[in-house]
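# Reading the structure
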Amino acid sequence: MSKIIGINNGPHDSSACLIVNGKIMCAIEEEKLTGVKACYTNYEHPVKSLAYIEQEFGVTVENCDHVVFSRTYLRQLVKDNPQLRDKITSFSHHDCHTLGSYLTSGFEGKVISLSHDGKGYRSRGKLYLCENGQFEEIHSQHIPSTASLAGLWAVSTLHLGWRMLKDEGKVVGLAAHGKFSEEIYSHLKQFMYYENFEFKPSNWECLFHYTFNTYKRDNAKVKEWREDFAFTLQKFTEEIFGEFLFDIHKNFPDYRKICFSGGLFANVKLNQFINELDIFDEIFIHPAMGDGGLALGAALLKCHELGEIQKPQRLQNAFLGPKHNFNDWNSAILESGLHIKKEPFSYANVGKLIDEGYVVGCFFGRTEYGPRALGNRSIVVKPTDPDTHRKLNEKLKRTEIMPFAPSVLKEEADRIFKCEKSKYSAEFMTLCYNARDEWKEKIPAVIQVLDGSARPQMVDYQLNPNFHSIISAYYKLSGIPLVLNTSFNAHGEPINNYPSQVIKHLGDGSVDFIANEHYILSISRD
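The structure contained in this document is the topic of the report that follows. (Residues numbered from 1 in each chain as written. Predicted model: local features only at pLDDT ≥ 70, side-chain atom pairs only at ≥ 80, totals over all residues. Heavy atoms only, no water.)

## Some thoughts on the overall build of the protein chain
Applicable threshold: Helix numbering and strand numbering both begin at the N terminus, where a helix is a DSSP run of H or I of at least 4 residues and a strand a DSSP run of E of at least 2. Each radius of gyration is computed over the set of C-alpha atoms, and the globule rule expresses the reference value as 2.2 Å times the number of residues to the power 0.38. Between buried and exposed lies partly exposed: a residue is buried under 20% and exposed over 50% of the maximum accessible area for its type, with that area taken using a 1.4 Å probe on protein chains only. By the convention used here, residues are in contact when the closest approach between their heavy atoms is within 4.5 Å. Shrake-Rupley sampling with a 1.4 Å probe provides the accessible areas, and residues are treated as covered by the protein chains on show and by no other component. By the counting scheme adopted, Arg and Lys are positive, Glu and Asp are negative, and His together with the chain ends is not counted. By convention, the point assigned to a charge is CZ for Arg, NZ for Lys, CD for Glu and CG for Asp.
Of regular secondary structure, the protein chain possesses 19 helices and 22 strands. Whereas a compact globule of 526 residues would reach a radius of gyration of roughly 24 Å, the protein chain reaches 23 Å, a difference of no more than 12%. Referenced to the eigenvectors of the C-alpha coordinate spread, the extents of the protein chain come out at roughly 65 × 65 × 45 Å. Put simply, the protein chain has 526 residues, and 59% of those count as buried. Sequence separation of at least 24 residues holds for 71% of the intrachain contacts in the protein chain that already meet a minimum separation of 6. Accessible surface computed for the protein chain: about 21,200 Å², of which carbon and sulfur atoms make up 49%. Within the protein chain, one finds 59 positive and 65 negative side-chain charges whose respective centroids are separated by 2 Å.

As structure tokens, this is what we get:
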């Protein structure tokens with residue numbers, strides 16, 4: 001048995017993790033510790049993540065048994081520490097994506113695992129056949145001979161005026177407000193097509209830039225052209241990726257479960273489309289589907305190689321980052337200089353605040369792994385006010401287009417959403433479901449009005465008793481077994497990790513109250 005540190009360092013989403021004796025002890029993205037949102041211009045080694053692992057667990061790259069990278073390891077690290085040479089291993093980018101997802105799926109029997117993103121080491125994606133802990137690579141979408149569907153989304157995001165590798169979710173949200181354009185669709189069909197487990201041609205990008213700039217110039221005065229482009233891009237993506245999936249099913253019809261990882265699968269509407277296909281019985285999207293999940297994927301692969309993990313296991317929960325204690329909170333309150341009122345914490349009081357319409361920040365236990373706030377670093381609001389989207393965007397200084405998501409008691413989810421399958425993945429808020437008709441008007445703040453869908457987190461008491469108890473307290477008062485949940489951060493920030501960060505938001509009015517294990521905090525008006 002061994003101590004394994006996994007590292008992803010690169011141009012975005014650097015991260016680190018620790019596995020001890022086959023158990024995941026922590027996994028954290030660097031941006032949550034630096035407070036600077038990761039983007040393509042930041043080449044980072046996860047310095048603060050590794051420092052956290054040392055501080056919390058006493059494990060370093062020097063005293064662990066294995067250091068595992070999700071890419072070619074840093075030569076400088078070996079140069080500075082030549083004794084590390086024999087303990088360093090690296091796995092390819094898409095092996096970490098694909099097999100990291102499989103090994104956290106908990107799926108038994110025959111499973112397909114698939115990855116796709118803009119680009120990884122010599123590949124844009126891989127396809128594996130897996131069974132009972134064993135796996136075989138079937139295909140790799142090699143660079144430079146293939147195109148990237150995720151890359152198409154990245155450059156589209158850029159041309160629509162947002163930042164690629166950061167704001168693609170806004171394009172997904174924008175799509176719901178558009179309509180199908182035959183002209184845009186014909187252009188997209190020119191840029192890219194599917195053939196034999198690959199997207200082609202490889203030289204699509206030059207044609208895209210020229211065509212998009214021309215289209216944008218010619219349609220500058222056309223109302224909602226951006227919305228129509230986003231809608232048509234989403235439809236095209238579902239169709240072309242659907243061709244890929246049906247081809248996989250045709251070749252491997254006995255494989256009825258499928259895992260996904262890679263940046264493309266941050267697209268929750270694509271994930272809903274896949275989940276609704278009848279060719280798969282269940283799907284799983286790794287919670288940290290982007291490159292922030294590569295460190296854990298690499299470490300899991302090393303565990304499998306050593307025989308410490310022999311078959312897929314479900315994640316016990318996604319709360320794998322740092323936590324803060326009573327003294328941390330008191331120090332942050334003192335240092336803030338704000339007049340903060342401290343009331344004893346109780347679930348009933350938090351539920352009452354939500355029911356009365358207040359914006360409550362929840363800060364419990366350990367930080368979430370992945371891009372979704374799942375109750376430990378969340379802002380929660382009652383879901384019954386149709387104007388909440390506008391109000392909350394103004395309060396948080398955001399420009400969100402995508403509807404806010406609901407967190408629902410898992411035992412009540414079937415009553416509200418059409419969620420017959422893939423509920424394990426929904427614990428991590430990675431796909432959408434359609435709401436049942438009788439609930440759409442009851443919870444307008446978390447429903448996409450134009451198609452009746454939502455991106456629910458199913459909250460299990462065994463996995464997160466604090467958040468489940470807060471929702472239950474609100475349910476007892478309102479008859480609504482869910483709350484609106486958005487991440488605890490302001491515009492442009494990563495999910496906040498430190499008490500000092502969230503206290504600042506209390507002071508500027510972004511939230512009305514903060515609930516933690518110790519107190520319910522508010523600004524004193526005395």
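Having seen the model, we can carry on.
## Examining the nonpolar core
This is how it is decided: In this description, a nonpolar core means a group of buried Ala, Val, Leu, Ile, Met, Phe, Trp, Tyr and Cys residues linked to one another through side-chain atoms lying within 4.5 Å.
Core analysis: the biggest nonpolar cluster contains 112 residues, and Met192, Phe241, Leu245, Phe260 and Phe417 have the highest contact counts within it. Top element by residues in this core is helix H9 (residues 225-251). It accounts for ten residues. Here Phe417 is in contact with Pro406, Val408, Tyr433, Asn434, Ala435, Arg436, Ile443, Ile447, Ala454, Pro456 and Leu482, once residues within four sequence places are set aside. Within the second largest apolar cluster, 35 residues are counted, among which are Val111, Cys259, Ile309 and Leu320.

## A look at helix H11 (residues 294-306)
In plain terms, the rule: The span you would expect from a helix comes to 1.5 Å times its residue count less one.
Taking 1.5 Å of rise per residue, 13 residues should cover 18 Å, and H11 covers 18 Å from first to last C-alpha, within 8% of that figure. Of all 13 residues in H11, eleven are buried, a share of seventy percent or more. Among the residues making up H11, those that are buried are Leu294, Ala295, Leu296, Gly297, Ala298, Ala299, Leu300, Leu301, Lys302, Cys303 and His304. Immediately downstream of H11, the backbone of Gly307 shows phi near 80°, a positive value.

## Regarding the environment of Ile480
Mapped onto the fold, Ile480 is located in the loop between helix H18 (465-478) and strand E20 (482-487). Taking relative accessible area as the criterion, Ile480 reaches 9% and is therefore assigned buried. Put simply, Ile480 and Gly290 are 190 residues apart on the chain and 33 Å apart in space, counted from C-alpha to C-alpha. Apart from residues no more than four positions distant in its own chain, Ile480 is found in contact with Pro383, Thr384, Trp439, Ile443, Tyr474 and Tyr475.

## Some points on the side chain of Arg124
Test applied: Whenever a carboxyl oxygen of Asp or Glu lies within 4 Å of a side-chain nitrogen of Lys or Arg, that contact is scored as a salt bridge.
Looking at the secondary structure, you find Arg124 in strand E7 (residues 123-131). Of the side chains with opposite charge, Glu205 comes closest to the buried, unpaired Arg124, at an N-O distance of 7.0 Å. Residues contacting Arg124, with those up to four places away along its chain left out, are His94, Ser115, His116, Asp117, Gly118, Lys119, Gln141, Ile143, Thr146, Ala147 and Ser148.

## Details of the pairing of strand E3 (residues 23-29)
For a regular strand, the rule is simple: side chains alternate between the two faces of the sheet. We apply this condition: In this description, strands pair whenever DSSP reports at least two bridges between them.
Where strand E2 (residues 15-20) meets E3, six bridges bridge the pair, whose relative direction is antiparallel. When the sheet's bridge partners are listed, Leu18 is paired in E3 with Cys26. Connecting E2 to the next strand, E3, in antiparallel fashion are two residues, including Asn21 with a positive phi near 50°.

## Considerations on the sheet that holds strand E4 (residues 66-69)
Convention followed: Note on geometry: axes are C-alpha line fits, over the in-contact stretch for helices, and angles between N-to-C directions span 0 to 180 degrees.
The five strands are arranged E3-E2-E1-E4-E5 in an open sheet whose pairing can be described as mixed. The strands lining the two open edges of the sheet, one partner per strand, are E3 and strand E5 (88-90). Between one strand axis and the next, the sheet turns by 20° as a mean value, whatever way the strands run. In this sheet, E4 lies alongside strand E1 (residues 3-8) in parallel orientation, the contact comprising four bridges. The residue of E4 that forms the bridge with Ile5 is Val67. Against the sheet, helix H2 (residues 47-57) contacts E1, E2 and E3, and its axis sits at roughly 140° relative to E3.

## Looking at the pattern of salt bridges
In this structure the tally under the stated criterion is 26 salt bridges. When the shortest N-O distance is used, the salt bridge between Lys37 and Glu31 registers 3.6 Å. What makes Lys37 partly exposed here is its relative accessible area of 28%. Between Asp414 and Lys423 there is a salt bridge; the shortest N-O distance is 2.5 Å.

## Thoughts on the packing of helix H7 (residues 182-191) against H9
Let me state the cut-off plainly: Throughout this description, any angle smaller than 35 degrees is read as roughly parallel, any larger than 145 degrees as roughly antiparallel, any in the 65 to 115 degree range as roughly perpendicular, and the remainder as oblique. Note on convention: the crossing is left-handed when the near helix lies turned anticlockwise from the far helix by less than a right angle, right-handed when the turn is clockwise.
Two elements in contact, H7 and H9, have axes whose closest approach is 9 Å; the angle formed by their N-to-C orientations is 45°. Here H9 runs oblique to H7, going by the angle between their axes. Once H7 is placed against H9, the crossing between them reads as right-handed. Each of Ile184, Tyr185, Leu188 and Lys189 in H7 lies in contact with H9, whose residues at this interface are Asp228, Phe229, Thr232, Leu233, Phe236 and Glu239.

## What about the packing of aromatic side chains?
So the rule is basically this: Note on aromatic contacts: the rings of Phe and Tyr and the six-membered ring of Trp form a pair at centre separations within 6.5 Å, being stacked when their planes are under 30 degrees apart, edge-to-face when over 60 apart, and tilted otherwise. In this scheme, Lys NZ or Arg CZ marks a charge over a ring once it lies within 6 Å of the ring centre and within 35 degrees of the ring normal.
Applying the stated criterion across every chain yields a total of 29 aromatic pairs. Where Tyr185 meets Phe236, the ring centres are 6.2 Å apart and the plane angle is 75°; that geometry is what we call edge-to-face. Taken as a pair, Tyr185 in helix H7 and Phe236 in helix H9 lie far apart in primary sequence, 51 residues in all. Phe236 matches Tyr185 in its accessibility class, with the two residues each being buried. Grouping aromatic residues by their ring pairs yields a cluster made of Phe191, Trp204, Phe208, Phe212, Tyr215, Trp225 and Phe229. The ring of Phe363 has Arg377 sitting right over it, with the charged end atom 3.7 Å from the ring centre. Its guanidinium or amino end placed over the ring of Trp439, Lys442 lies 4.5 Å from that ring's centre, counting from NZ or CZ.

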